[in-house]
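Read off the chains here:
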Amino acid sequence: MNPYAKLITSLSLLLGTTITISSNHWMMAWTGLEINTLAIIPLISKSHHPRAIEAAIKYFLVQAAASTLVLFSSTINAWHTGQWDLTQLTHPTSCLLLTTAIAMKLGLVPFHFWFPEVLQGSSLTTALLLSTVMKFPPITILYMSSHSLNPTLLTTMAIASAALGGWMGLNQTQIRKILAFSSISHLGWMSIIIIYNPKLTLLTFYLYSLMTATVFLILNTTKTMKLSTIMISWTKTPMLNATLMLALLSLAGLPPLTGFLPKWLIIHELTKQEMTVAATVIAMLSLLGLFFYLRLAYYSTITLPPNSTNHMKQWHINKLTNTPIAIIASLSMLLLPLSPMILISV
């Protein structure tokens, strides 16, 4: 890809995200979402492979439909109340349409069909952007309008997302699809709590982005796309594979690691809100996700294929990605002791 084109798309992504997260007016928020959508499409389709082109078209159609719904929702609200402010969404139809539109943007169930296919058609770096940066503006809109969302609809979609994300990830062999269903599952955890504690949703998103970035950057360094190749990568980069295992277990939410913190806080908050049944159901559904994370961790470190090569193990890789991976991997595993300090801010 042309360096100038890459610079323009990167700056457009930054500009679109900044406009959306800093706007109070619906038209400005919509403009930022549109800039973001148009900026990521060249990155998805840059390989010119038929699957990449298909992914770009699917992404464009879904995001265009969602943006239309956002515009429609805000226009109906302005028509009835005279308000274009993001925080003044009061009309019931507008609230329902906005919840649907943001669910489409994020890939919540039942609007999730596009997300695994788009991730599968993208490169690992673009898939990382789609899973983290592109989710930030819609989550910010949810955060700002959280008081006017439909609680029943959002809780239903959240539990369905946690269930489907765990269930569909079980029989996948492509790592990008597994991480797509992992993202859908985590979005379920974020959206179930946004009405009751919006700051906790943002904290969960930040920690999820950190852990997902670690996994994607390690997979990009080892050039791993499928379960069959993840087994062979151990002989080339043992330390990276060991780090990958810990990052995956952190994503699963096992206690000594960072990923346990948001799940623990969400279950605690749901219990305080007398939603014990929802907390129990979503906690049980996270076991489905734990299974495929454990399977990935097992393949990355424990399963060693028959190997006839006699070369020395490569303990050091001369790449510039080492330092960022080291920093974010440390954060994605070791933040749990800082939870009292994080709790003060939440």
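Residues numbered from 1 in each chain as written. Predicted model: local features only at pLDDT ≥ 70, side-chain atom pairs only at ≥ 80, totals over all residues. Heavy atoms only, no water.

A. Summary view of the pattern of salt bridges. Taken as a whole and judged by the stated rule, the model has 4 salt bridges. The salt bridge partner of Lys 177 is Glu 117, with a shortest N-O separation of 3.4 Å. Of this pair, Lys 177 sits in helix H9 (residues 175-193) while Glu 117 sits in helix H5 (residues 114-121), and the two are 60 residues apart along the sequence. One salt bridge connects Glu 269 with Lys 272, and the closest N-O pair in it is separated by 3.8 Å. Here Lys 272 and Glu 269 lie together in helix H13 (residues 260-272), a separation of 3 residues that amounts to about one turn. By relative accessible area, Glu 269 is classed as buried at 10%. By relative accessible area, which is 56% here, Lys 272 ends up exposed. Look at the salt bridges and you will find they share partners, linking Glu 54, Lys 58, Glu 117 and Lys 177 into a network. (Salt bridge = Lys/Arg side-chain N within 4 Å of Asp/Glu carboxyl O. Helix = DSSP H or I, 4+ residues; strand = E, 2+ residues; numbered from the N terminus. Buried < 20%, exposed > 50% of the residue type's maximum accessible area, 1.4 Å probe, protein only.)

B. Examining the packing of H9 against helix H10 (residues 198-222) more closely. Running from N to C, H9 and H10 cross one another at 170°; their axes reach a closest spacing of 9 Å. Between H9 and H10, the angle is such that the two are roughly antiparallel. Along its contact with H9, which presents Ile 175, Leu 179, Ser 183, His 186, Met 190 and Ile 193, the element H10 presents Pro 198, Leu 200, Thr 201, Thr 204, Phe 205, Tyr 208, Val 215, Phe 216 and Leu 219. Class assignment of the residues belonging to the contact of H9 with H10 gives a composition of 11 nonpolar, 4 polar and no charged. (Axes fitted to C-alpha atoms, helices over the stretch in contact; angles between N-to-C directions. Parallel < 35°, antiparallel > 145°, perpendicular 65-115°, else oblique. Contact = heavy atoms within 4.5 Å. Nonpolar A, V, L, I, M, F, W, Y, C, P; charged D, E, K, R; others polar.)

C. Main features of the environment of Gly 259. In this structure, Gly 259 sits in the loop between helix H12 (238-252) and H13. Taking the C-alpha atoms as reference points, Gly 259 and Ala 65, separated by 194 residues in sequence, lie 33 Å from one another. When residues no more than four places from it in sequence are discounted, the contact partners of Gly 259 are Met 211, Ser 250 and Gly 253.

D. Representation of the packing of aromatic side chains in the model. Scanning the model with the defined rule gives 8 aromatic pairs in all. Ring geometry for Phe 136 and Phe 205: centres 5.7 Å apart, planes at 5°, overall stacked. Note that Phe 136 is positioned in helix H7 (residues 136-144) and Phe 205 in helix H10, a separation of 69 residues in sequence. Accessibility assignment for this pair places Phe 136 and Phe 205 in one class, buried. Between the aromatic rings of Phe 260 and Trp 264, the centroid separation amounts to 6.0 Å while the plane-to-plane angle is 0°, which identifies the pairing as stacked. Here Phe 260 pairs with Trp 264, and both are found in helix H13, just 4 residues apart, close to one helical turn. Linked through ring pairs, Tyr 59, Trp 114 and Phe 115 together constitute an aromatic cluster. (Phe/Tyr/Trp six-rings, centres within 6.5 Å; stacked < 30°, edge-to-face > 60°.)

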